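# Breakdown of the fold
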Number of protein chains: 2
Amino acid sequence: MSLNTATVRTQWGLAECIEGCRRHGIGGISPWRDKLHEMGVAAAATAIRDAGLAVSGLCRGGWFTASGSLGPEVLDDNRRAVDEAAEIGAACLVMVVGGLTDGSRDLPGAHALVEDGLARTLDYARTVGVPVAIEPLHPMYAADRACVNTLSHALDICDRLGDGIGVALDVYHVWWDPDLPRQIARAGRDRILAFHVCDWLLPTRDLLTDRGMMGDGVIDIPGIRAMVEAVGFDGLTEVEIFSALDWWTRDPDDVLATMVARGRSAC
Amino acid sequence: MSLNTATVRTQWGLAECIEGCRRHGIGGISPWRDKLHEMGVAAAATAIRDAGLAVSGLCRGGWFTASGSLGPEVLDDNRRAVDEAAEIGAACLVMVVGGLTDGSRDLPGAHALVEDGLARTLDYARTVGVPVAIEPLHPMYAADRACVNTLSHALDICDRLGDGIGVALDVYHVWWDPDLPRQIARAGRDRILAFHVCDWLLPTRDLLTDRGMMGDGVIDIPGIRAMVEAVGFDGLTEVEIFSALDWWTRDPDDVLATMVARGRSAC
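First, a word on scope: everything that follows refers to the structure included in this document. Because the structure is a prediction, the values reported are computed rather than measured.

Along chain A, the regular secondary structure elements total ten helices and nine strands. Dimensions of chain A, computed from C-alpha atoms along their principal axes, come out at roughly 45 × 40 × 35 Å. Partitioning the contacts of chain A with sequence separation of at least 6, the portion at a separation of at least 24 is 78%.

As structure tokens, this is what we get:
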């Protein structure tokens, strides 16, 4: 199991997350870059190593459509993200690719920009040896966060770009897809670089920050986990919960304890 | 253009909607069944005919997963919906198929139940001559409203069930899908029974009731409309806007006037 720092992002910095993982017997961590920069990349790399934690990913690169073109600031930031992923020994750099460019309704244009940005970042990431993981986000984020919204689309991009790129599969984003079993089989072990869990709550009160703890929602997490394990995935199960109304308001040690318990009972 | 009564559902009953369409030069209407029952089916049929309105659909049948099995109450209600659609001369009966059954995480089970329910309703609808239209809903409704969430899935069901069934295509639900152009081409004229419009707002403040007026959001409505027209669809463009925070609070004559203007400028 791995702790994505977003799960306790209002409560803890990265140093506290690392300590928390140690206290709760959690074997891995996946930092967001804001937390990483806050602590300092070198200090974080040392602390993670000293704690004996695996790093299941670095969140996040991408956002290729932010400015409407692949300007140097976007590409340079992605290169820096690759370097940071390498420095902390992350299993992959997770890509939230970006939605429509501001004021635009051109979805195919956004798709093209994203694929170009991924290709260019991948060129660099290959030289450093960091796998790039496209995270298909739920279709409700197509406009403002990521215009790659199905595993099928992400794998089409991987097929076109070749080696060194795969997907970060988050059950929250893909659980509804009737094509999921077929696409997980298509992905195979080589393309599945990360496996994220949380749960879909009923009702969902906010599009971004009302995700649930595993077991509190409707996603068949063990079913999806069995599919990814059937194709050979043996990485960590990473817990990433955006929850402004619930888990971000709780004692973070309770969050981690619950996460560990639910890892056994609901994943 | 056609007015779906949901667009002014807090302001007007069906009789007022019919009058409103006449005043604003809107040539069609699509009632929800609660409004239809309120007015009385026979009275509504007469008033719609007298007003010279086309009926682009009846909303809605379906909800096959409501009770966890296809009990008589579910199937009978769908037969009544078919009869009502016939009585008002609706171009189709729109199906919101239902999500997961209560307390369940079994998505394939829900899919199977839905397909069985559609097949049984279709058997009856064929005898009455009412086309059945599956409305794929946005994936964010997979758990609680409809577990058919892509045009591809809906068309797979149509292929298995044969004649007399097609889809109601609502841009709000499908605009994000990278496979949309291919699936619209696959659907062709015979399977596209209705075309609904509204817009995806940024930000979207509520999963169900924060849909936008055409032109106020990010959907390339003219682009999608061109695709459906390219395969021969020549039915009405139906405006269905769930908007608790905005359009449901306005003077309904302003809503219809805006809808007509945006039909020209943004569709």
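Additional details are given in the paragraphs that follow.
Moving on, we get to the sheet that holds strand β9 (residues 237-239) of chain B. Residue and element names in this part refer to chain B. The strand order β3-β2-β1-β9-β8-β7-β6-β5-β4 describes an open sheet built from nine strands, whose pairing is parallel. The sheet terminates laterally at β3 (54-55) and β4 (58-62), the two strands that pair on one side only. When strand β8 (residues 192-197) meets β9, the two strands line up parallel, connected through three bridges. Bridging across to β9, V197 finds its partner in V239. Packed on one face of the sheet, helix α6 (residues 151-161) meets β6 (132-134) and β7 (165-170) and runs near 165 degrees to β7.

Moving on, we come to the nonpolar core. Side chains of a nonpolar character, in soluble globular proteins, are inclined to be buried together. In this structure, L93, A133 and V167 of chain A together with L93, A133 and V167 of chain B are the most contacted members of the largest nonpolar core, which totals 181 residues. Sequence-distant contacts of L93 of chain A, defined by excluding residues within four places in its chain, comprise L58, G61, A81, V82, A85, A125, V130, V132 and A133 of chain A.

Right, let's talk about the pairing of β7 of chain B for a bit. Residues and elements named next belong to chain B. In terms of burial, β7 is a largely internal element, six of the six residues being buried. In this structure, β6 lies alongside β7, joined through three bridges in parallel fashion. Residue pairing across strands places A133 opposite G166, the latter belonging to β7. In this region the chain leaves β6, passes through α6 and returns to the parallel neighbour β7; the handedness of that crossover is right-handed. Relative to β8, β7 is paired through four bridges, and the arrangement is parallel. When the sheet's bridge partners are listed, L169 is paired in β8 with F195.

With that settled, consider helix α5 (residues 107-128) of chain A. Residues and elements named next belong to chain A. Under the 1.5 Å per step criterion, the end-to-end length of α5 is 31 Å for 22 residues, consistent within 8% with the ideal 32 Å. Three or more residues of α5 are buried, namely L107, A110, L113, V114, G117, L118, T121, L122 and A125. One or two positions beyond α5, positive phi appears at G129, with a value near 85 degrees.

What follows covers the interface of chain B and chain A. Accessible area lost upon the coming together of the parts is a frequently used measure of interface size. Counting from both sides, the interface comprises 21 residues of chain B and, opposite them, 21 residues of chain A. Of the residues assigned to the side of chain B that touches chain A, the class counts are 13 nonpolar, five polar and three charged.

A separate point is the sheet that holds strand β7 (residues 165-170) of chain A. Residues and elements named next belong to chain A. Taken in spatial order, the nine strands line up as β3-β2-β1-β9-β8-β7-β6-β5-β4 in an open sheet, and their pairing is parallel. Every interior strand has two partners, whereas the edge strands, β3 (54-55) and β4 (58-62), have only one. Direction of pairing for strand β1 (residues 2-4) relative to strand β2 (residues 28-30): parallel, over a ladder of three bridges. When the sheet's bridge partners are listed, S2 is paired in β2 with G28.

Our focus in this paragraph is the packing of helix α4 (residues 72-87) of chain B against helix α5 (residues 107-128) of chain B. Residue and element names in this part refer to chain B. Contact geometry of α4 with α5 gives a least axis separation of 10 Å together with a crossing angle of 35 degrees. The handedness of the crossing between α4 and α5 comes out as right-handed. Contacts between α4 and α5 involve V74, L75, N78, R79, V82, D83 and A86 from the first element and G117, R120, T121, Y124, A125 and V128 from the second. Of the residues contributing to the contact of α4 with α5, the split by class is seven nonpolar, three polar and three charged.

For the rest of this paragraph, the subject is the relation of the copies chain B and chain A. The two copies are related by a screw motion: chain B maps onto chain A through a turn of 180 degrees and a shift of 0.0 Å along the axis, at an RMSD of 0.0 Å. Taken together, the rotation angle and the small translation identify this as a two-fold axis. Counting the interface residues of chain B, we find that 100% of their copies in chain A are interface residues as well, pointing to one common contact surface.

With respect to burial, β8 of chain B is a largely interior element, six of its six residues being buried. Following the chain from β8 of chain B across helix α9 (residues 221-230) of chain B to the adjacent parallel β9 of chain B, one finds a crossover that is right-handed.

Time to look at unusual backbone geometry. All names here are of chain A. Cis geometry marks the peptide bond from L202 to P203; its omega dihedral reads -10 degrees. Following the sequence through the fold, P203 ends up in the loop between β8 (192-197) and α9 (221-230). Positive phi, close to 50 degrees, is recorded for W63, a residue that is not glycine. As for its placement among the helices and strands, W63 is situated in the loop between β4 and α4 (72-87).

The terminal C-alpha atoms of helix α10 (residues 252-265) of chain A lie 20 Å apart, and with 14 residues this matches the ideal 20 Å at 1.5 Å per residue to within 8%. Tucked inside the fold, the buried residues of α10 of chain A contact β1, α1 (14-24) and β9 (237-239) of chain A.

All names here are of chain A. Take V41: it is sitting in helix α3 (residues 41-50). For the pair V41 and E87, spaced 46 residues apart in the sequence, the C-alpha separation amounts to 7.4 Å. Once residues lying within four places of it in the same chain are set aside, the contact partners of V41 are L36, E84, E87 and I88.

With that out of the way, let us pick up the environment of G129 of chain A. Residues and elements named next belong to chain A. By the element assignment, G129 lies in the loop between α5 and β6 (132-134). Judged by local crowding, G129 falls into the exposed class, with 10 C-beta atoms found within 10 Å. Expressed as a C-alpha distance, the spacing of G129 and C147, which sit 18 residues apart in the sequence, is 26 Å.

In this section: the environment of V174 of chain B. All names here are of chain B. The topology assignment puts V174 in helix α7 (residues 171-174). As a C-alpha pair, V174 and A146 span 28 residues in sequence and 13 Å in three-dimensional space. Beyond its immediate sequence surroundings of up to four residues, V174 is in contact with P136, L151, L169 and L180.

The rules behind the values
Residues numbered from 1 in each chain as written. Chains lettered and ligands numbered in written order. Predicted model: local features only at pLDDT ≥ 70, side-chain atom pairs only at ≥ 80, totals over all residues. Helix = DSSP H or I, 4+ residues; strand = E, 2+ residues; numbered from the N terminus. Contact = placed C-beta atoms within 7 Å. Pairing = 2+ DSSP bridges. Axes fitted to C-alpha atoms, helices over the stretch in contact; angles between N-to-C directions. Core = buried A, V, L, I, M, F, W, Y, C linked by C-beta atoms within 7 Å. Buried ≥ 20, exposed ≤ 12 C-beta atoms within 10 Å, placed from the backbone. Right-handed = clockwise from strand over helix to strand, strands pointing away. Expected span 1.5 Å × (residues − 1). Nonpolar A, V, L, I, M, F, W, Y, C, P; charged D, E, K, R; others polar. Left-handed = near helix turned anticlockwise from the far one by under 90°. Least-squares fit on C-alpha atoms with pLDDT ≥ 70 in both.

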